[in-house]
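# Examining the three-dimensional arrangement
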Amino acid sequence: MPDFLLEIGCEEIPARMIDATSLELRERVHKLLERERLSPTGTISALDSPRRLAVLAPGVPAAQPDVTEQITGPSASIAFKDGQPTPAAQAFARKAGVEVAHLERVTTAKGEYLSARVTKKGRPACEILSEMLPKEVASIYWPKNMYWRKPTEKFVRPVRWLVAMLDGEVVPLEFDGVRAGDKSRGHRILADRQVQVPRAGSAYVDVLRQAKVLSRGEREQQIRKQLDAATRTIPAARWREDKTLLDTVVNLTEFPSVILGNFDPEFLELPEEVLVTVMRDHQKYFAVEDSQHKLLPHFLAVLNTDGDPQGVIRHGHERVLRARFNDARFFWQTDQKHPLRERTQWLKHVTFQKDLGSYYEKTIRVQRLSSWLSESIRQRGIAVRPGVIHKAACLAKTDLTTELVKEFTELQGIVGGLYAKVQELDHDLPESTRFAIANAIYDHYKPESMEDSVPRTVEGAVLSIADKADTIAGMFALGLQPTGSKDPFALRRQANGIVKTIAEHKLPIGLGQLFGDAREAYRDSAAERKFSQTVDYAAALRNFFRERLEFYLKDACGFRYDVVNAVLASGHDDIVQTIARAEAVSRMRGSTDFESICVAFKRIANILRQANTGGVVIVPLNADLFSQPERELDDHMRPINAKFLRLCGQGQYFEALVELSKLRPYVDQFFDKVLVMAPEENLKRNRLALLEMMKNGFSQVADFSEIVIDSKESKESPKQ
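So, how was this worked out
Residues numbered from 1 in each chain as written. Predicted model: local features only at pLDDT ≥ 70, side-chain atom pairs only at ≥ 80, totals over all residues. Heavy atoms only, no water. Buried < 20%, exposed > 50% of the residue type's maximum accessible area, 1.4 Å probe, protein only. Helix = DSSP H or I, 4+ residues; strand = E, 2+ residues; numbered from the N terminus. Pairing = 2+ DSSP bridges. Axes fitted to C-alpha atoms, helices over the stretch in contact; angles between N-to-C directions. Domains from an automatic or database assignment. Contact = heavy atoms within 4.5 Å. Buried area = accessible area lost by both parts, 1.4 Å probe.

Most of strand 19 (residues 285-290) is tucked away, with six of its six residues classed as buried. Residues Tyr285, Ala287 and Glu289 of strand 19 are buried on one face, and the alternating residues Phe286, Val288 and Asp290, pointing to the opposite face, are buried as well. Sheet topology places strand 17 (residues 237-239) next to strand 19; three bridges connect them, and they run antiparallel. Directly across from Trp239, in strand 19, lies its bridge partner Val288. Pairing of strand 19 with strand 20 (residues 295-303) involves four bridges; the strand directions are antiparallel. Across the sheet, Glu289 pairs through a bridge with Leu295, a residue of strand 20. Hairpin remark: strand 19 followed by strand 20, antiparallel, with four residues in the connecting loop; positive phi at His293, about 65°.

In structure tokens:
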């Protein structure tokens, strides 16, 4: 079976878009081949670079297999009249491609019908790919597209060439006016020429390698080796590992090399965060550090060429970096003329969001919300410094008015923290307090992703939560909640940050109270008058955070989907307790008694659903109507439930579930000997009420009917 190759050659693709698009193209080709019964024998691979997206599918069938199927036509009574075929029979025979005499009769539930056995010949793979692939390529999602020649022709960058081959045969497809062939192109500088691809597969990879275009894995390996080699020329030095930057430079190059550059050690007087941001985000340079992680006056630049023997490129990079560092130093010195405490009023002229007012108004709201939060967690036994939070909230956004942040927007928050450490915030303010305020400001944008760390201190955590909650509350009140894949205000990311921060700092913060207070902070403001009257604010936020917590429990904590569904069904207002409940249920999995209880709860839920009780106890229990199994269940359920609730109140959820599992013999006996849906109405209603009381009484930890019992799981009881 032939190998299949598709290469889309174009102008340089933005590095940040390559990985996601490469994955999408592979998935589209894979689904197309599967859908058309042309599944490859091996895994589809990619060879991507700034100038090309390529997929290689090994062992694609040369043609679809023939398919034989039985098709049914008109009923026999309609197909024949007086033993002669009617036009209906003749039309069906033509459609099936057989003679009328070869039609069969089949008996179905509806009567006797005509039938025919039809063999559909498989189409050649070349024909299918030529027809289908252009549609798949045109459907690729790009954050931004370019248009050229015709309004209908769009892609991330102009397409310059196409290669589409089944082994050595060209697949005659066309995309945006470019016809596919067997000619690719080499490296723009080192081998700027057409190169002929003899056949799909490893020969394609070899041809590109000779034309100075390496695969992604080869480029990363070459960059790492050269970074190591360049750093070894400096005693006791090492390059600072940066996966994001490494991925970027891999996608910026086709044949990379590395040069070592230097900068004036006097720039090390600037904060490391500023220097690294300039090198990393603006110049794509790797920082060099010593064994103590202290920055050294060197940098590593990755080139898309085979070296710099004359040092001309290195000199140019050093000159550019020196200018950038000079700018940063100038901005730093200029900003010190107006300390942060003077800049609060300046925030009145910085817009937060057109309907939510200025950053000054946001600062006032965040201060108020932070104060409520700090008092709330202090009353619940968390050591916190409300004064530090109040001052940090006042100054947190002031760095948006600084020249350094205007030039280097990536440093917002960080610059505020750095300035707070070196400036006088208040007369006679102890240094330790100033540093605590600075740290809270420095961290208040964290975490910016699920991989990012949370704020280091409780004060920073409270400020971070308040800042994010204010944004989310305002946007939801305006009706600007995320929809589908659209989230222009990054509300999902900020909500993930709230969940992660509360979870890792174990803060006793209820989401309902948090967003009730956040909404209250907008009361009587100009922004409130613009709030949507059609949005159910509380319900929208409750559903939104259920999704975010579900994501956190599954992806960050690794809980099974049924455990997550079970605990979220019992509420998720308290994030810390929700996680504790999930841990307890996961720990109890595999216990025979607990699994039996879960099966019983599933049965109870089904019975109550069929009885349509609506989740409310329908009658007061009448013990006089109890049979012996009912009485035993009720007698044991009440003390176990009391202990269960007491343990839940103390956060001892595993111990509470152990108590619940003790009900197993009485529940089993009940279902073995009692007919719940008895013909006598008073018995039926009384038994439904007993089941409903049991279900509601033990629902604080989880909805146990959601637990999926896997017979392969260990039946050993967990240690108590």
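A cis geometry characterises the amide bond from Lys446 onward to Pro447, with omega recorded as -10°. Considering the arrangement of structural elements, one finds Pro447 in the loop between helix 15 (431-443) and helix 16 (458-477). You will see that Ala236, though not glycine, has its phi angle at about 55°, which is positive. Relative to the elements of secondary structure, Ala236 occurs in the loop between helix 6 (216-231) and strand 17. For Ala236, a relative accessible area of 63% gives the class exposed.

Judged by pairing direction, the sheet is antiparallel, and its three strands sit side by side in the order 4-8-7 without closing on themselves. Edge positions in the sheet fall to strand 4 (67-75) and strand 7 (104-108), since each has one partner strand and no second. Taking the axes of each pair of neighbouring strands and ignoring which way they run, one obtains an average angle of 40° across the sheet. Bridge count between strand 4 and strand 8 (residues 111-120): seven bridges; the pairing is antiparallel.

What follows covers the domain arrangement of the protein. By domain assignment, the protein separates into domain 1 (4-63 + 124-210), domain 2 (68-120), domain 3 (216-336), domain 4 (343-558) and domain 5 (567-706). Here domain 1 and domain 3 have C-alpha centroids that lie 34 Å from each other. Taken residue by residue, the interface counts 14 residues in domain 1 and twelve residues in domain 3. Buried area between domain 1 and domain 3, summed over both chains or domains, comes out near 1,000 Å², and the portion from carbon and sulfur atoms is 47%. Considering only the side of domain 1, the residues that lose the most area to domain 3 are Ala15, His187 and Leu190, jointly responsible for 42% of the buried surface there.

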